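Here is what each chain is made of, one letter per residue.
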Amino acid sequence: MTSLLSNLNPQQLEAITLPHQSVLVLAGAGSGKTRVLTTRIAYLIQSGQANPHGILAVTFTNKAAKEMLTRITAMLPVNPRGMWVGTFHGLCHRMLRTHYQDAGLPQAFQILDSADQLALIKRILKDLSADEKKFPPRQVQWFINNAKEAGLRAAYVTVEDAYSRRMLEFYQTYEQQCQKEGAVDFAELLLRSYELLSRNEVLCQHYRERFQHILVDEFQDTNPLQYKWLKLLAGTGTKNAAAVFAVGDDDQSIYAFRGAYSGNMRDFEHDFGITRVIKLEQNYRSHGHILDAANALIENNSERLGKNLWTAEGKGELLRVYNAPNDFDEAAFIVGEVKALHAEGVALSEIALLYRSNAQSRVLEHSLFNAAIPYRVYGGMRFFDRQEIKHALAYLRLIANPGDDSALLRVINFPARGIGARGLEQLQDDAKTLGGSLWAAAVQKCGGEDSLLQKSPESLKGIAGFVHLILTMRQYCHALPLPHIVEYMLTHSALLAHYGKEREGAERLENLNELINAATSFVHEAENDSLAEFLAHASLEAGEHQAGSGQDALQLMTVHAAKGLEFHSVFLSGLEEGLFPHENSLSEINGIAEERRLMYVAMTRARRRLYISFAQSRMLHGQTRYHIASRFLDEIPQNCLKWLQSTPRMNQSTYASNSGNQAAGFAKTAYGQPKSSGGEWRIGQNVSHAKFGDGVIINYEGSGSDARVQVNFDHAGAKWLLLEYTKLTAL
DNA sequence: TGGGCATTGGTTTTT
DNA sequence: CCAATGCCCA
């Protein structure tokens with residue numbers, strides 16, 4: 001116990017050792033939030049106030065859940081088995097699987113991810129012959145999810161105008177279709193689970209008695225439905241209500257656009273009768289100037305719960321601000337500074353390059369690539385989102401639940417087996433008349449399962465061939481271990497053969513084989529290794545963005561993606577009005593405040609050094625746009641800032657400090673010794689580049705620091721290179 | 001049935 | 001500008 005509670009500050013200690021009561025912990029950035037959360041759990045168990053069975057801890061991401069579990073396991077000698085630790089969706093899913101009958105779901109119900117949901121909506125819109133111009137599928141999706149997140153079934157949505165009436169019609173049809181197919185989308189997991197608990201007194205009571213301790217991470221990100229779910233589960237107001245340990249930071253609420261409602265923190269205080277709010281304000285991450293700047297910035301927001309970060313460490317370096325003439329130059333500046341930092345011994349993985357929107361990464365990547373600096377971009381396609389994986393999963397879904405129309409439509413003719421649009425239309429009509437699934441219609445069309453299975457597969461074409469395929473798969477896979485099912489499916493569906501002969505199919509083949517590995521490790525790790533459970537896992541846990549390449553690399557990501565992370569040095573780029581704050585936020589209610597919190601999150605990622613840069617002009621949507629510096633820069637006290645200036649010369653530019661008082665160890669940095677000494681590049685000259693190899697100069701433009709040459713490389717093709725930062729050798 | 005070409009739109013994102 | 005979708009043709 002002593003070791004568990006050592007090295008905690010008074011507020012952390014108070015939070016961790018609080019008696020059985022609900023509490024709101026306002027945990028600032030870098031204040032040891034996760035430590036408090038996990039230590040609280042360990043403390044409850046070790047002090048005998050709770051056993052693992054009685055604890056439920058909920059987070060937003062699988063990553064956070066995993067992290068929490070790992071840390072608890074490290075702290076406790078006991079196996080945390082019995083504890084419920086997971087995401088809202090994961091826990092709700094668990095509940096629905098256990099009580100699928102009470103929840104009105106088929107045992108083999110499937111989870112739709114956003115892409116699956118969108119596909120289903122598109123199908124419905126087509127079915128109802130809706131004008132996709134007037135009712136964009138994405139908007140319909142938004143409407144449905146919004147309603148669900150407000151806890152509203154179609155029957156309870158009130159509409160006035162014709163437009164919403166049509167939307168509601170889509171929602172209704174969507175609900176019916178989901179029920180028919182046994183499909184459950186993300187919001188549905190929560191809503192169903194909520195309805196299950198609110199309708200089933202006995203069940204609700206059971207869980208209430210069991211989970212006497214509920215811990216919530218990132219509480220400011222909860223949406224109204226999640227909050228209602230928590231309230232219901234905790235049994236607020238009842239005699240043996242659970243103690244809810246809610247940890248959050250209203251200043252880091254940056255997901256309002258997807259339904260998060262940080263007002264839940266205030267409601268929580270009220271609804272749960274919170275008498276004391278514990279504030280964790282001591283920051284263990286950043287140096288003083290960074291915190292001073294962030295505090296000053298966020299002061300500009302009203303309606304805060306109120307919090308001021310401080311550190312026991314020194315002030316540290318000033319924030320470095322760079323005013324670039326254009327986005328190119330901004331990128332070049334960053335590249336130069338990254339090089340210098342790296343040369344000073346800072347690992348590239350300890351340096352982050354943050355931006356407001358993904359589009360900004362292009363220029364940065366370009367410069368980094370030319371400078372041969374390894375980097376890694378976060379975000380983008382995840383494993384289970386890939387087309388080939390989706391196809392494979394569709395086959396698996398059909399094995400688990402042939403009533404899954406969405407899955408059937410996805411693969412009935414993939415790989416192509418000669419089923420055209422007319423055949424499909426016919427099938428859909430049949431299904432409609434039968435009132436059953438597409439699968440049922442297909443089976444009937446082929447004269448029933450039994451007669452079909454007796455025929456030789458070679459003789460069957462088109463729909464019959466497909467039905468036979470799925471039937472044999474089901475039969476064959478019945479008792480097979482999961483990885484074998486996957487392997488069998490990949491071969492017999494001919495997915496492997498298909499991608500094997502596709503030109504760019506190598507990577508897809510690799511991914512499909514990776515799916516077998518995923519199944520193998522799932523079998524090893526999961527308690528329940530059924531096919532249905534694996535499919536749920538695939539939907540709920542889309543997999544890490546990319547396998548870490550292992551190499552030390554610079555970290556590129558949006559500010560949103562950086563939440564929760566920290567780095568030695570952070571570059572915050574594109575601090576321009578219109579970009580950050582984003583122009584769209586100007587017309588949104590409390591839009592600027594949210595952008596400001598985003599800025600706050602970005603700044604507090606840095607431990608030691610923070611760069612902020614903006615460009616006077618930048619290429620956006622194919623046009624040069626001119627912006628002024630972001631208002632957020634004005635909100636940072638000048639005495640926290642050091643303005644770096646570019647002083648372009650003939651052939652080189654130097655970024656020098658005007659404060660004359662540089663932080664220890666970092667000398668003025670001069671950029672790229674341009675050109676070969678004395679030599680001018682000329683068109684037709686043969687040159688060599690470290691990365692692209694040999695080539696010949698075919699064009700030239702710009703001058704001074706803007707000078708670029710176009711080189712036609714023997715292998716890499718034609719590329720524009722900024723002379724100032726590219727090392728070319730004359731041949 | 002897929003590939004090529006035109007059109008269109010373009011914050012942030014986890015589950 | 002560039003990617004993603006949609007549509008048409010071979």
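Residues numbered from 1 in each chain as written. Chains lettered and ligands numbered in written order. Predicted model: local features only at pLDDT ≥ 70, side-chain atom pairs only at ≥ 80, totals over all residues. Heavy atoms only, no water.

(A) Expanded view of the overall build of chain A. The number of helices and strands found in chain A is 27 helices and 23 strands. By the compact-globule yardstick of 27 Å for 731 residues, chain A fits well, its C-alpha radius of gyration being 29 Å. Structurally, chain A occupies a C-alpha span of about 85 × 70 × 55 Å along its principal axes. Sequence separation of 24 or more characterises 73% of the internal contacts of chain A that already satisfy a separation of 6 or more. (Helix = DSSP H or I, 4+ residues; strand = E, 2+ residues; numbered from the N terminus. Rg over C-alpha atoms; globule rule 2.2 N^0.38 Å. Contact = heavy atoms within 4.5 Å.)

(B) Looking closely at the protein's contact with DNA strand B. The environment of DNA strand B is made up of 26 residues, and the closest members are N62, S114, N358, T558 and E588. Protein-proximal atoms of DNA strand B, defined as those within 4 Å of the protein, fall in sugar or phosphate at a share of 49%. Within the side chain of S114, one N or O atom sits 2.6 Å away from a base oxygen of DNA strand B. In this structure, a base oxygen belonging to DNA strand B sits 3.1 Å away from a side-chain N or O atom of R356. When its residues are assigned to classes, the surface near DNA strand B shows six nonpolar, 14 polar and six charged. (Near = heavy atom within 4 Å. Polar contact = N/O pair within 3.5 Å; in protein donor to acceptor, adjacent residues only side chain to side chain. Nonpolar A, V, L, I, M, F, W, Y, C, P; charged D, E, K, R; others polar.)

(C) Highlighting the sheet that holds strand 1 (residues 23-27). Overall, parallel pairing links the six strands, which are arranged 3-2-6-7-1-8 in an open sheet. Both outer strands of the open sheet, strand 3 (84-87) and strand 8 (277-280), are each paired with one neighbouring strand and no more. For this sheet the average axis-to-axis angle between neighbouring strands, irrespective of direction, equals 15°. The pairing of strand 1 with strand 7 (residues 243-248) spans four bridges and is parallel. Residue V23 lies in a different strand from strand 7, and its bridge partner there is F245. Relative to the sheet, helix 1 (residues 10-17) contacts strand 1, strand 7 and strand 8, its axis offset from that of strand 8 by approximately 140°. Against the sheet, helix 4 (residues 88-98) makes contact with strand 2 (55-59), strand 3 and strand 6 (213-216), and its axis sits at roughly 120° relative to strand 3, the strand it touches most. (Pairing = 2+ DSSP bridges. Axes fitted to C-alpha atoms, helices over the stretch in contact; angles between N-to-C directions.)

(D) How the structure looks around the layout of surface pockets. What the second largest pocket holds in volume is close to 1100 Å³. Taken together, 43 residues form the lining of the second largest pocket, with A119, R123, D405, S406 and L409 sitting closest to its centre. Put simply, the parts of the chain that give the lining of the second largest pocket at least two residues each are strand 4 (110-112), helix 5 (114-127), helix 7 (162-181), helix 15 (387-400), helix 16 (405-411), helix 17 (421-434) and helix 24 (531-540). Structurally, the lining of the second largest pocket is a two-domain feature, drawing no fewer than three residues from each of domain 2 (110-181) and domain 4 (384-500). (1 Å grid on protein atoms, 1.4 Å probe; cavity = no way out; pocket = protein on both sides within 12 Å on 5 of 7 lines; lining within 4 Å. Points joined across faces, edges and corners; volume = space filled by probe spheres on them. Domains from an automatic or database assignment.)

(E) Spatial organisation of helix 10 (residues 224-234). By the criterion of burial, helix 10 is predominantly enclosed, with eight of the 11 residues buried. With a side-chain oxygen positioned 3.0 Å from the backbone nitrogen of L225, the residue opening helix 10 is N223. Just downstream of helix 10, G235 is the residue with a positive phi angle, here 70°. (Buried < 20%, exposed > 50% of the residue type's maximum accessible area, 1.4 Å probe, protein only.)

(F) A look at the packing of aromatic side chains. As enumerated under the stated definition, the model contains 21 aromatic pairs in all. Summarising the aromatic geometry, the rings of W84 and F211 are spaced 5.2 Å apart at their centres and angled 55° between planes, so their arrangement reads as tilted. With W84 in strand 3 and F211 in the loop between helix 9 (201-210) and strand 6, this residue pair connects regions lying 127 residues apart in the sequence. Here the two residues W84 and F211 agree in accessibility, since each one is buried. (Phe/Tyr/Trp six-rings, centres within 6.5 Å; stacked < 30°, edge-to-face > 60°.)

(G) View of the protein's contact with DNA strand C. In the region of DNA strand C, the neighbouring residues are R362, H621 and G622. The contact atoms of DNA strand C, taken as those within 4 Å of the protein, divide so that sugar and phosphate hold 50%. The side chain of R362 places a nitrogen or oxygen atom 3.3 Å from a phosphate oxygen of DNA strand C.

(H) Fine view of the UniProt feature "binding site: ATP" (unreviewed entry) in chain A. Cross-referencing UniProt, the feature "binding site: ATP" (unreviewed entry) maps to A27, G28, A29, G30, S31, G32, K33 and T34 in the present numbering. Positionally, G28 belongs in the loop between strand 1 and helix 2 (33-46). Apart from residues lying up to four places away in sequence, G28 is in contact with D249, Q252, L280, K307 and L309. Structurally, the position occupied by G32 is in the loop between strand 1 and helix 2. (UniProt positions renumbered as here; feature names shortened; annotations may be inferred.)

(I) Molecular detail of unusual backbone geometry. With an omega of -5°, the peptide bond between F414 and P415 qualifies as cis. For P415, the position within the fold is in the loop between helix 16 and helix 17. The peptide bond linking F580 to P581 adopts the cis configuration, its omega dihedral lying at 10°. With respect to the secondary-structure elements, P581 resides in the loop between strand 13 (567-572) and helix 26 (591-603). The residue A494 is not glycine, and still its phi comes out positive at about 70°. For A494, the location among the structural elements is in the loop between helix 21 (482-492) and helix 22 (495-501).

(J) Quick peek at empty space enclosed by the protein. Within this structure, the stated rule accounts for three cavities of 30 Å³ or more. Each pocket or cavity is described by its volume, and for the second largest cavity that value is around 50 Å³. If you go around the second largest cavity, the residues you meet are D327, E330, A331, Q360, V363, L364, S573, G574 and R618. Listed by contribution, the elements that provide at least two residues to the lining of the second largest cavity are helix 13 (327-343) and helix 14 (361-370). It is helix 13 that contributes the most residues to the lining of the second largest cavity, three residues altogether. Of the residues assigned to the lining of the second largest cavity, the class counts are three nonpolar, three polar and three charged.

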